[in-house]
Amino acid sequence: MERSTIVRVHEGLHARPATRFVKLAKGFESEVELVKDGKAVSAKSSVKLMLLAVKENQEVTVRANGADAIEAVEALIGYLENPRAGLDDEAGEGGGLEAAAAALAPEATPADTAPADGTPKLQGVAASEGVAIGPAFAHFPAEIEGPGRRLQADEIDGEVERFRAAVAQVQARMDRTLAEDNLSAGDRGIVAALRDIAADDSLTGEVERLISEGDDAVSAVIGAASTIAADFSAVDDHYLNARADDVHAVGRQICLVLLGQDEVSLETIPQGAILIADDIGAWDLARAPLKRIGGVVCGHGGATSHIAIIARSHGIPAVLGLGDKVNQLRTAKEVALDGNAGHVIVDPDETTRSDFTRRVEAATHERAGLKIFKGVTPTRADGTVIEVAANIGSLEEIEAAQEAGAMGVGLFRTELLFMRHMHLPSEDMQAETYSALAKAFAPHSVIVRTLDIGGDKPIAGIEFPDEENPFLGWRGIRMCLDRPDIFKKQLRALLRAAVHGNIKVMLPMVSEIAEVTRTRALVDECAAELKAEGVEHSSFDLGVMIETPAAVLIAPALAKEVAFFSIGTNDLTQYIMAADRLNPTVAKLNDVTNPAVMSAIELTAKAGAAAGIMVGMCGEAAGRPDLIPAFIGMGLTELSMSPASIQRAKKTIAAMAAER
Ligand code: PEP
Ligand code: MG
């Protein structure tokens, strides 16, 4: 028995509608399959179903074989033809993996009770301003590894049993979570989808197959989860790509049970806690429950590393670059940190505690007072508007930027879009993202920076050579021009998005004019292709970041080639001062106020003014109230910064006007 239909389920059979479909299918005894483009999969496996990537308006066939085949086909076809199928409890969705993992992870591991050792004050790099005090949350996750032992034939059955018991335990934990009253409808749906992955034949079958070949259970779970996750990553659908993380999360949970270990999960961080880690991936931090994090302390990182940038954009105080000293915090119970001075106090005494509590309250009070500057349009003495824009790296940050009163986006870091996935994002996915951004801020401009990876930001999907000095190596525009396959996708997506708002594009790491002319030729080529293909597109202004000494020295000539400059003080400082921005040992030299860096900024501003182009700044210095008057004095008319700095910057510019 089989019947075909056109899928009307809103946005197709992504996680939740797929889970519901599977539940419905499992209610029938018959074997049921869903067929798309000649490929048939079991309708009782949500993983297989999701991997079939059934989209809205596609034709599919439901095929059933068994005693209740007619009823099964009727019911499943009815489901597929219902646009709201699976969406009846959509409210509150959006927590994604974060919410799900928060819900299914075991209770937070209590901090060790051993006393903190030695020095009460640890000096690191002041990476995100503000003070904080709160319970310590140590996050030093161990890599999970299987014992790597081949099983004897007589051990296989026992290992399969052990694996099944671990799955049952993980499912029971998820069931307990699902039974909790405080779970939102959205989170409930996500946990249910994860529970399904844990039970899915695709995972369990593959694990058991690997065990039968002699793998131990942990290695088998790691292997099977990686294979399935890779399948999810390969689908050209960003929603399904994110399921790869779900598979890894489920695999990790099963492995931890097999190893008898408890997970120290970032998602279980209590409200106001200070996150302590040796290192945190930029993307791991970006998707952590940032609203709950009171402060960040890290062994790695510097003031302009991406962890710092994310912390600043969310107004989270951070001290980074503690090096090995971070190990002294592994057992701390409470931590006070000063993100302005760059130090951390382990288990503070009563006096320190009350001092910090008072400072935290004063900061909250100051923030409340700054709110009135949200809607202010700051101007210079001659009436020229100073654009105070936001630096963001994902669509999730749009809200924070708008809440702060951003007059557009002065730097959209596209690399987070690339880091998010285990493969390169498609042109469509990029076009969707840039269009959403353009629409959100129109008529203000949105300056999208083309892919800037290499240095401290490698990504999956591009092989990077081993380099002695990656910051002086194959990064930014250098890599893009060598990989037109990747670069052209981004440029085409930007041309398509330009239809939807005021998109401008800027190139990172420029050090010679040819990089601009070669890019312009590629842009023209992309526009011609889109025209020939009949794809809607528009043009955009092309600018460059000024972040290498070479760019400063050729600024007068460069200014004739581009529509604007945006000074990237984070890199400009490290390259002018020859002081690695990630190296805490030379952090003192990495100082934008050094006369060498300030005169590079001035030279750039003069060159831009002479050519009549806009000169802005998107490095972190743009948000510094102590430097803003100098930058405006040099002629900068756009300052782009972390959303958390916007209102104070507007206040600073307004105060300059009041002094006139
Ligand atoms: C800069 O270098 O100043 C900049 C804004 O870019 P990033 O920090 O992303 O390198
Ligand atoms: Mg840079």
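Source: prediction; values computed, not measured. (Residues numbered from 1 in each chain as written. Chains lettered and ligands numbered in written order. Predicted model: local features only at pLDDT ≥ 70, side-chain atom pairs only at ≥ 80, totals over all residues. Heavy atoms only, no water.)

## Thoughts on helix α7 (residues 201–212)
Taking 1.5 Å of rise per residue, the 12 residues of α7 would be expected to cover 16 Å, and the 15 Å separating its terminal C-alpha atoms lies within 8% of that figure. Residue G214 follows α7 closely and has a positive phi angle near 110 degrees. (Helix = DSSP H or I, 4+ residues; strand = E, 2+ residues; numbered from the N terminus. Expected span 1.5 Å × (residues − 1).)

## Remarks on the coordination of the magnesium ion (ligand 2)
Each protein donor to the magnesium ion (ligand 2) is listed here as E547 (OE) and D571 (OD); together their distances run 2.0 to 2.2 Å. Separated by 24 residues along the polypeptide, E547 in the loop between β17 (541–546) and α19 (549–553) and D571 in helix α21 (residues 569–577) bring together distant segments of the chain. Residue classification places E547 among the buried residues on the basis of a relative accessible area of 1%. (Donors = N, O, S within 2.8 Å, 3.2 Å for Na, K, Ca; no water. Buried < 20%, exposed > 50% of the residue type's maximum accessible area, 1.4 Å probe, protein only.)

## Some details on the sheet that holds strand β6 (residues 125–128)
Pairing is mixed across the open sheet formed by 8 strands, whose spatial order is β5-β12-β11-β7-β8-β9-β10-β6. Single-partner strands in this sheet number two, and they are β5 (121–123) and β6. Shown here is a sheet whose adjacent strand axes are inclined to one another by a mean of 30 degrees, direction ignored. Bridge count between strand β11 (residues 334–338) and strand β12 (residues 343–346): 4 bridges; the pairing is antiparallel. Opposite D338, over in β12, you have H343 as the bridge partner. Helix α12 (residues 350–370) rests against β7 (131–139), β11 and β12 of the sheet, and its axis sits at about 110 degrees to β7. (Pairing = 2+ DSSP bridges. Axes fitted to C-alpha atoms, helices over the stretch in contact; angles between N-to-C directions. Contact = heavy atoms within 4.5 Å.)

## With respect to the packing of helix α5 (residues 156–179) against α7
Viewed as axis vectors pointing N to C, α5 and α7 meet at an angle of 155 degrees, and their least axial separation amounts to 9 Å. It follows from the interaxial angle that α5 and α7 lie roughly antiparallel. Crossing of α5 against α7: the hand is right-handed. On the side of α5, the interface is formed by I156, E159, V160, F163 and R164, while α7 contributes T204, V207, E208, I211 and S212. Looking at the contact of α5 with α7 residue by residue, the classes come out as 5 nonpolar, 2 polar and 3 charged. (Parallel < 35°, antiparallel > 145°, perpendicular 65-115°, else oblique. Left-handed = near helix turned anticlockwise from the far one by under 90°. Nonpolar A, V, L, I, M, F, W, Y, C, P; charged D, E, K, R; others polar.)

## Considerations on the site of ligand 1
Close contacts around ligand 1 come from 17 residues, with R413, R449, G568, N570 and R581 the closest. In this structure, an oxygen atom belonging to ligand 1 sits 3.3 Å away from a main-chain N or O atom of G568. Its free accessible area being 290 Å², ligand 1 has 100% of it covered by the protein chains. For the shell around ligand 1, the secondary-structure elements that each account for two or more residues are α11 (306–313), β14 (409–413) and α21. For the shell around ligand 1, the residue count by class is 4 nonpolar, 5 polar and 8 charged. (Near = heavy atom within 4 Å. Polar contact = N/O pair within 3.5 Å; in protein donor to acceptor, adjacent residues only side chain to side chain. Areas by Shrake-Rupley, 256 points an atom, 1.4 Å probe, with all protein chains shown as cover.)

## Focus: the pairing of strand β3 (residues 39–42)
Relative to β3, strand β2 (residues 31–36) is paired through 4 bridges, and the arrangement is antiparallel. Directly across from L34, in β3, lies its bridge partner V41. The turn joining β2 and β3, which pair antiparallel and follow one another in sequence, is formed by 2 residues; a positive phi near 50 degrees is taken by D37.

## A few points about the sheet that holds strand β20 (residues 638–641)
Strand order in the closed barrel made by the 8 strands is β13-β14-β15-β16-β17-β18-β19-β20, with parallel pairing throughout. Strand-to-strand twist in this sheet, taken as the mean axis angle between neighbours without regard to direction, amounts to 25 degrees. Here strand β13 (residues 387–392) pairs with β14 via 3 bridges, running parallel. If you follow A390 over to β14, its bridge partner there is V409. Across the sheet, helix α22 (residues 595–611) is in contact with β17, β18 (564–567) and β19 (614–617); its angle to β18 comes to roughly 170 degrees. The sheet strands contacting helix α24 (residues 643–659) are β13 and β20, and the helix crosses β13 at an angle near 165 degrees.

## Thoughts on the packing of aromatic side chains
Inspection of every chain in the model, using the stated rule, returns 2 aromatic pairs. Looking at R359, its charged tip hangs above the ring of F356, at a distance of 5.1 Å from the centre. Between the NZ or CZ atom of K504 and the centre of the ring of F564, over which it lies, the distance is 6.0 Å. (Phe/Tyr/Trp six-rings, centres within 6.5 Å; stacked < 30°, edge-to-face > 60°. Lys NZ or Arg CZ within 6 Å of the ring centre and 35° of its normal.)

## A few points about unusual backbone geometry
P443 follows A442 through a cis peptide bond whose omega is 5 degrees. Here P443 is to be found in the loop between α15 (427–441) and β15 (445–449). Although it is not a glycine, D37 sits at a positive phi angle of roughly 50 degrees. Within the secondary structure, D37 is located in the loop between β2 and β3. The phi torsion at A578 lies on the positive side, around 50 degrees, for a residue other than glycine. Within the secondary structure layout, A578 lies in the loop between α21 and α22. A relative accessible area of 69% means that A578 is categorised as exposed.

## Some remarks on the nonpolar core
Grouped together as the largest cluster of nonpolar side chains are 86 residues, with contacts concentrated most on Y434, I503, F565, I601, F631 and L639. When residues of this core are assigned to their parent elements, the largest contribution, 7 residues, is made by helix α17 (residues 484–497). In contact with I503, other than residues within four places in its own chain, are Y434, A438, V446, V448, L494, A497, A498, F540 and D541. Residues F21, A64, A69 and A224 belong to the second largest nonpolar core, which totals 64 residues. (Core = buried A, V, L, I, M, F, W, Y, C linked by side-chain atoms within 4.5 Å.)

## Brief notes about the pattern of salt bridges
By the definition in use, this model includes 33 salt bridges. Among the salt bridges present, the one from E129 reaches R648, with a minimum N-O distance of 2.7 Å. Of this pair, E129 sits in the loop between β6 and β7 while R648 sits in helix α24, and the two are 519 residues apart along the sequence. Across the pair R492 and E427 runs a salt bridge, and its minimum N-O distance is 2.7 Å. (Salt bridge = Lys/Arg side-chain N within 4 Å of Asp/Glu carboxyl O.)

## Structural notes on the side chain of S394
Of note, S394 is situated in the loop between β13 and α13 (398–404). Reaching out from S394, the side chain makes a polar contact with the side chain of E397 at a distance of 2.9 Å.

## Things to note about helix α18 (residues 513–533)
End to end, α18 covers 31 Å across 21 residues, agreeing with the expected 30 Å (1.5 Å per residue, within 8%). All buried positions along α18 are accounted for by E515, V516, T519, L522, V523, C526 and L530. Looking straight down α18, one finds that the buried residues subtend no more than 125 degrees of arc, so they occupy a single side. What points out from α18, more than 90 degrees from its buried face, is the exposed set K531 and A532. (Arc of directions from axis to C-beta.)

## Here we look at the pairing of β11
In terms of residue burial, β11 counts as a mostly covered element, since 5 of its 5 residues are buried. The side-chain alternation of β11 yields two buried faces, one formed by E334, A336 and D338 and the other by V335 and L337. In textbook terms, the turn of a hairpin is the stretch between consecutive antiparallel strands, and for β11 and β12 this stretch comprises 4 residues, one of which, G342, has a positive phi near 80 degrees.

## Looking at the confidence of the model for the protein
Detailed reading of the predicted coordinates is not advisable wherever pLDDT is low. Per-chain confidence: the protein averages 86 in pLDDT, with 88% of residues scoring 70 or above. Taken together, the stretch residues 89–119 has pLDDT below 50 and engages in 58 contacts with residues farther than four places along the chain or on a different chain. (pLDDT = per-residue confidence, 0-100.)

## Quick look at the packing of α15 against α17
It is at 8 Å that the axes of α15 and α17 come closest, and there the two elements cross at 40 degrees. In terms of orientation, α15 lies oblique with respect to α17. Read as a crossing pair, α15 and α17 show a hand that is right-handed. When α15 is examined against α17, the residues E427, D428, Q430, A431, Y434, S435 and A438 are found in contact with a partner set consisting of K489, Q490, R492, A493, L494, R496 and A497. In terms of residue class, the contact of α15 with α17 is made up of 6 nonpolar, 3 polar and 5 charged.

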